[in-house]
Amino acid sequence: HTFQWLLQKVVDIHGLKMEYSYFQDSNQIYIQNISYAFFTDASALYRVFFSYYEKQSGVASYRTGFAVRTNFLLKEILIEQNLYGIWNTRKKYILSYASLTEPLSKLSSVIVQAEGIDEPSLEFHYGGSNLIDRVKNNKGGELSFLYKKSSAYIEDVCERNILPSAVWTLHK
């Protein structure tokens, strides 16, 4: 039985390709990098590289029928350019979490650096049921989220086939 399929390569009608690579730990699969804009079959001009924090308390899930433990959290996303065989970071996304020791990891912020310059960060705020209720962009912009239990749609709407969006986004 196959639990999931992992994309390895995409090639368009012009022969341009993107390649994906992963690593595995405790039956969990993590994306490692995406390479694209190949000079030759062996050398890509750009890649998106993913680095991870190691969690002190991994969480196990058995939805697959076997144990899958999440021991890593996304730490950075690097957009890199290959210049003469050396990967140079062009843009970086740095992710921070409220705690690396808790089983439930809450993303607290994302900082973006382009060419070494910090861009406005995103801050994530949580409400009841550990759901994100606000995202601030530190430039005065803010998104608020309102959630409704999926079972409430059956109670509110007589027709079971009508299921509106579960997340309502409000701009302030």
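First things first, this report covers the structure right here in the doc. (Residues numbered from 1 in each chain as written. Predicted model: local features only at pLDDT ≥ 70, side-chain atom pairs only at ≥ 80, totals over all residues. Heavy atoms only, no water.)

**As for the pattern of salt bridges**
Then comes step 1: Within this structure, the stated rule accounts for four salt bridges.
Then comes step 2: Of the charged contacts in the structure, one is a salt bridge between Lys 17 and Glu 19, with a shortest N-O distance of 3.4 Å.
Then comes step 3: Residue Lys 17 is classed as buried on the basis of its relative accessible area, which comes to 14%.
Then comes step 4: Residue Lys 92 pairs with Glu 76 through a salt bridge whose shortest N-O separation is 4.0 Å. Placement of Lys 92 in strand β6 (residues 86-97) and of Glu 76 in strand β5 (residues 68-83) is noted, with a sequence separation of 16 residues between them.
Then comes step 5: For Lys 92, a relative accessible area of 22% translates into the label partly exposed.
Then comes step 6: Residue classification places Glu 76 among the buried positions, given a relative accessible area of 18%. (Salt bridge = Lys/Arg side-chain N within 4 Å of Asp/Glu carboxyl O. Buried < 20%, exposed > 50% of the residue type's maximum accessible area, 1.4 Å probe, protein only. Helix = DSSP H or I, 4+ residues; strand = E, 2+ residues; numbered from the N terminus.)

**Topic: unusual backbone geometry**
Then comes step 1: If you check the backbone angles, Ala 37 has positive phi at about 60° while not being a glycine.
Then comes step 2: Note that Ala 37 resides in strand β3 (residues 28-38).
Then comes step 3: You will see that Asn 138, though not glycine, has its phi angle at about 60°, which is positive.
Then comes step 4: Counting through the fold element by element, Asn 138 comes out in the loop between β9 (132-136) and β10 (142-147).

**What to know about the packing of aromatic side chains**
Then comes step 1: Applying the stated criterion across every chain yields a total of seven aromatic pairs.
Then comes step 2: Plain terms: the ring middles of Phe 23 and Tyr 52 are 5.5 Å apart, the flat faces sit at 75° to each other, and that makes the pair edge-to-face. You can see Phe 23 sitting in strand β2 (residues 17-25) and its partner Tyr 52 sitting in strand β4 (residues 44-61), a full 29 residues away along the chain.
Then comes step 3: Residue class for Phe 23 comes out partly exposed when judged on its relative accessible area of 23%.
Then comes step 4: Judged by centre distance (5.6 Å) and plane angle (20°), the rings of Tyr 36 and Tyr 46 are stacked. Highlighted residues: Tyr 36 in strand β3 and Tyr 46 in strand β4, separated in sequence by 10 residues.
Then comes step 5: Overall, the relative accessible area of 26% leaves Tyr 46 in the partly exposed class.
Then comes step 6: Site record: aromatic cluster; members linked through ring pairs are Phe 23, Tyr 30, Tyr 52 and Phe 72.
Then comes step 7: Above the plane of the ring of Phe 38 lies Lys 17, whose end atom (NZ or CZ) is 4.6 Å from the centre. (Phe/Tyr/Trp six-rings, centres within 6.5 Å; stacked < 30°, edge-to-face > 60°. Lys NZ or Arg CZ within 6 Å of the ring centre and 35° of its normal.)

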